[in-house]
Amino acid sequence: MSKKYYIIDFDSTFTQVEALDELARISLQEHPDREQIYKKIEDLTNQAMDGKLSFRESLAARVQLLEANKDHLKQLVKHLKKQVSTSFSRNKNFFKHHADDVLIVSGGFKEFITPVVLPFHIKKENIYANTFVFNAEGKIVGYDESNPLSNEGGKVKLLKELQLQGEIHGIGDGYSDFQLKEFGMIKKFYAFTENIERKSVTEKADHITPSLDEFLYVNNLPSAISYPKNRIHCLVIGDVPDIAVKYLKKDGFAVKHATTLEDKQLKDAGIILLGNKESVSAEKLSKATKLKVIGYLGNSKKHIPQDACTDMGVVIFDNIKKPESVAKRIAKFINSGDAFRSSNFPNIQLPEVKNGHRFVHIHRNVPGIMARVNHVLADREINIVSQFLMTNERIGYVITDISVDYDKKVLKDLKHIKDTISFRVLY
């Protein structure tokens, strides 16, 4: 099997922001014309990323406008460490296990890239970027123009020089990232859209990846979560405040607004978020075969068939006064299995498990289920790190944490335990 390499962009990919734009906001905060200069720098960035301006022209013009020095760079690094893309932050283990295979290739600058990516186990020798030129007082006065990454098509030139032997995949948000595929330097180009979506780039991509989780999932690589949240569809119906919608979008779910609950949309919905006084029937819910959770911005008992949801293994969270609280509880249930303060499920509050896997098993409340779950795991010689069980009159809710890798057949066996309503792997 040939070796695989992963070429990853920095600005708006590894981090949520464009670093030079952020540096301008730091270095020019006292400048009387700062807003106009910020706008110029952002426009130059976007023109280059969309392929409408050569990278060399864009870079030279931006550096000239910065008025930045080494102290400003220190402030920038501190800021960028807090702006690492969410899906990158939760997948540190991927970088740790693939330290030899990951290369950061950026038209940005090593002075701020290196301190941000090193804590992710990325090797210093695998960081390829431009470098600033400073004067005696520490002010940025230019950059090393001999570096291929300072030129148009710089990433292509660099990869030609590196002559990597193996299968190469590229992840990025800009035109310069797509050029690697255009010139045959990589096998596949993944347009990264977690932070920004550029139509001129996505329409040319082999695959659109709204998160690093999606990239890891389609390439069968180890991920912090078992299923990318961008593949979980959240259907929003009725008067739902933006604060709740934005929270779920930021957490990575695919949010779609609709006026009514149509069967076709219900079929794909993993989450339904309903405004106050909206209703859904048991018959409608029976079409929602992927549904895991309903959020209701009001008192759900008169508007949602509680027993039908419970029997389907669908948890309900409601609150008339705090829409963001409902969104947070939805996300926490999907992310960790936490059913605390639900309207119909056993109230279970869960700690996080590190370096392990978590299984969620929902079943009809009949005797012996826990024994059957543990029998399946014991047969596979899987040691349980921790286990939680809560029941109500209708269902049992079992959370099992294990610390070892497992044969995928164990998942099939757990799903087929008699009286199982639903089963899923969280991570």
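Residues numbered from 1 in each chain as written. Predicted model: local features only at pLDDT ≥ 70, side-chain atom pairs only at ≥ 80, totals over all residues. Heavy atoms only, no water.

Novice: Honestly, the sheet that holds strand β17 (residues 420–425) in this entry has me stumped. Any pointers?
Specialist: One key point about sheets: their strands pair by backbone hydrogen bonds, in either a parallel or an antiparallel sense. The four strands lie next to each other as β15-β16-β14-β17, forming an open sheet whose pairing is antiparallel. Lying at the two open borders of the sheet, with one neighbouring strand each, are β15 (384–391) and β17. Strand-to-strand twist in this sheet, taken as the mean axis angle between neighbours without regard to direction, amounts to 10°. For β15 and strand β16 (residues 395–402), the ladder comprises seven bridges, and the chain directions are antiparallel. Counterpart to isoleucine 384 in the pairing with β16 is isoleucine 402. Relative to β15, helix α18 (residues 369–379) is tilted by about 160°, and along the sheet it contacts β14 (357–364), β15 and β16. (Pairing = 2+ DSSP bridges. Helix = DSSP H or I, 4+ residues; strand = E, 2+ residues; numbered from the N terminus. Axes fitted to C-alpha atoms, helices over the stretch in contact; angles between N-to-C directions. Contact = heavy atoms within 4.5 Å.)

Novice: For this particular structure, what's the right way to read the confidence of the model for the protein?
Specialist: Here the protein averages 92 in pLDDT, and 100% of its residues register 70 or above. Predicted confidence in the protein is weakest over helix α4 (residues 55–66), with a mean pLDDT of 82, and strongest over helix α8 (residues 110–117), with 98. (pLDDT = per-residue confidence, 0-100.)

Novice: Any chance you could explain the packing of aromatic side chains here in plain terms?
Specialist: Geometry of an aromatic ring pair is reported as the spacing of the ring centres plus the angle between the planes. Counting across every chain of the model gives 26 aromatic pairs. Considering the side-chain rings of tyrosine 217 and tyrosine 227, the 5.5 Å spacing of their centres and the 85° angle between planes classify their relative orientation as edge-to-face. One end of the pair, tyrosine 217, is in helix α12 (residues 212–218); the other, tyrosine 227, is in the loop between α12 and β9 (233–237), with 10 residues separating them in the sequence. Take tyrosine 227: its relative accessible area is 37%, and that puts it in the partly exposed class. Here the basic side chain of lysine 3 rests over the ring of tyrosine 5, its NZ or CZ set 5.2 Å away from the ring centre. Of note, lysine 229 hangs over the ring of phenylalanine 253, and the distance from its end group to the ring centre comes to 5.7 Å. (Phe/Tyr/Trp six-rings, centres within 6.5 Å; stacked < 30°, edge-to-face > 60°. Buried < 20%, exposed > 50% of the residue type's maximum accessible area, 1.4 Å probe, protein only. Lys NZ or Arg CZ within 6 Å of the ring centre and 35° of its normal.)

Novice: Just to check I follow, could you spell out the sheet that holds strand β11 (residues 269–274) for this structure?
Specialist: Strand order in the open sheet made by the five strands is β10-β9-β11-β12-β13, with parallel pairing throughout. Each edge of the sheet is formed by a strand with only one pairing partner; in this case those strands are β10 (254–258) and β13 (315–318). Across the sheet, the mean angle separating the axes of adjacent strands is 20° when strand polarity is ignored. The pairing of β9 with β11 spans five bridges and is classified as parallel. Paired with isoleucine 237 across the two strands is leucine 274, which belongs to β11.

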